Amino acid sequence: FFLKMSFTASQLRELQSLVVSLTQSPDLLHRPEFEFFKQYLVSLGAKIPEPTPEPKAPEPEVEEDAGEEDPELWTPDAEPTQEMGDPTKEVSDEDNATAMGLFSEARSAVSQSNFEVAVEKYSEAIKFNPTKAIFFANRGECFLKLQKPKAAIADATRALGLNPDQTKAYKVRGTAKRYLGQYEAAIHDLYTGNQIDFDEESDKLARSIKDRVDGIVARRRERERKAKEEERARKIAEYERRKKAAEERKAQEEAEHAETMSGAPGMNLPRTYYSV
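Residues numbered from 1 in each chain as written. Predicted model: local features only at pLDDT ≥ 70, side-chain atom pairs only at ≥ 80, totals over all residues. Heavy atoms only, no water.

Draft legend 1. Broad picture of the packing of helix α8 (residues 183–196) against helix α9 (residues 200–208). Taken N-terminus to C-terminus, the directions of α8 and α9 make an angle of 150 degrees; their axes are 9 Å apart at the nearest point. When the interaxial angle is binned, α8 and α9 end up roughly antiparallel. The interaxial crossing formed by α8 with α9 has left-handed handedness. Contact with α8, carried on its side by Ile187, Leu190, Tyr191 and Asn194, involves Ser202, Asp203, Leu205 and Ala206 of α9 and no other residues of that element. Class assignment of the residues belonging to the contact of α8 with α9 gives a composition of five nonpolar, two polar and one charged. (Axes fitted to C-alpha atoms, helices over the stretch in contact; angles between N-to-C directions. Helix = DSSP H or I, 4+ residues; strand = E, 2+ residues; numbered from the N terminus. Parallel < 35°, antiparallel > 145°, perpendicular 65-115°, else oblique. Left-handed = near helix turned anticlockwise from the far one by under 90°. Contact = heavy atoms within 4.5 Å. Nonpolar A, V, L, I, M, F, W, Y, C, P; charged D, E, K, R; others polar.)

Take a look at the structure:
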């Protein structure tokens, strides 16, 4: 019966299309409706690839060895995609005037806690004038209000690239890193910002994570100390191993030499052989 079966051109095209789909997406074979076909392939000796595991949800980017769990951490936002402007743009007086107008509108939105609107206005201002560090620092501050720490870090970093003394940018970036669990980098930025322009709020935030940072540093130093001790012990053990191997080789060579000499002609003749 099977030898006499025939397929239409349309059926063959559909079969070919199925094979192409399975080749491009082998995971389809693990779907229930393809179980019969998978078993057929296995019966022919085919090796069915394991299903691709589902991607895991991103974990908070907490600093390693951060100590006790931190209930104040934020869930990391997606990779930043906000408008960063064209750094090569030649800003005209008209561009700058337009940008400053948008900057004023953004600040007005902030005063009304409309942070999403403020982000849009700052982004428009950046298009017209991407050379103003304060635009990026202020937008980064809005991203903090929206709990988007990665976006805030991107803006603060750009602001500091434009003006290394932009104190708000240090504080924005330090705050964002604190809530991502990057405590050492956070406290560094917060301290740096406060050295330029002190304020109680950022100082309080820095002091709130100081014990964590001290613990991280202490544990890292302890690991480094142990690593040095282990390395020293390893070197001593390696030296002793080589020394023992050299002594064993020397003993073996001496034994082989003695054996060779004992078997040489004339070495075992009686003493009378030498007498005159």
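Draft legend 2. Quick peek at the packing of aromatic side chains. Using the criterion set out here, one finds three aromatic pairs in the structure. Ring geometry for Trp74 versus Tyr179: centroids 4.4 Å apart, planes at 5 degrees, classification stacked. Highlighted residues: Trp74 in the loop between α2 (35–43) and α3 (93–111) and Tyr179 in helix α7 (residues 167–180), separated in sequence by 105 residues. Each member of the pair, Trp74 as well as Tyr179, is classed as buried. Judged by centre distance (5.9 Å) and plane angle (55 degrees), the ring pair of Phe103 and Tyr122 falls under tilted. In this pair, Phe103 is assigned in helix α3 and Tyr122 in helix α4 (residues 115–128), connecting sequence segments 19 residues apart. As far as burial versus exposure is concerned, Phe103 and Tyr122 are alike and both buried. (Phe/Tyr/Trp six-rings, centres within 6.5 Å; stacked < 30°, edge-to-face > 60°. Buried < 20%, exposed > 50% of the residue type's maximum accessible area, 1.4 Å probe, protein only.)

Draft legend 3. Summary view of a nonpolar patch on the surface. The grouping of Phe7, Leu12, Leu15 and Val19 at the surface amounts to a nonpolar patch, some 370 Å² of accessible area in total. Taking relative accessible area as the criterion, Leu15 reaches 44% and is therefore assigned partly exposed. (Patch = residues over 30% accessible without salt bridge, like charges linked within 9 Å, V, L, I, M, F, W, Y side chains within 5 Å. Areas by Shrake-Rupley, 256 points an atom, 1.4 Å probe, with all protein chains shown as cover. Salt bridge = Lys/Arg side-chain N within 4 Å of Asp/Glu carboxyl O.)

Draft legend 4. Quick look at α9. Of the positions making up α9, those classed as buried are Ser202, Asp203, Leu205 and Ala206. Buried residues in α9, looked at end-on, bunch into an arc of 160 degrees, giving them a common side. Exposed and facing more than 90 degrees away from the buried side of α9 are Glu200, Glu201 and Lys204. Elements in contact with the buried residues of α9: α7, α8 and α10 (210–262). (Arc of directions from axis to C-beta.)

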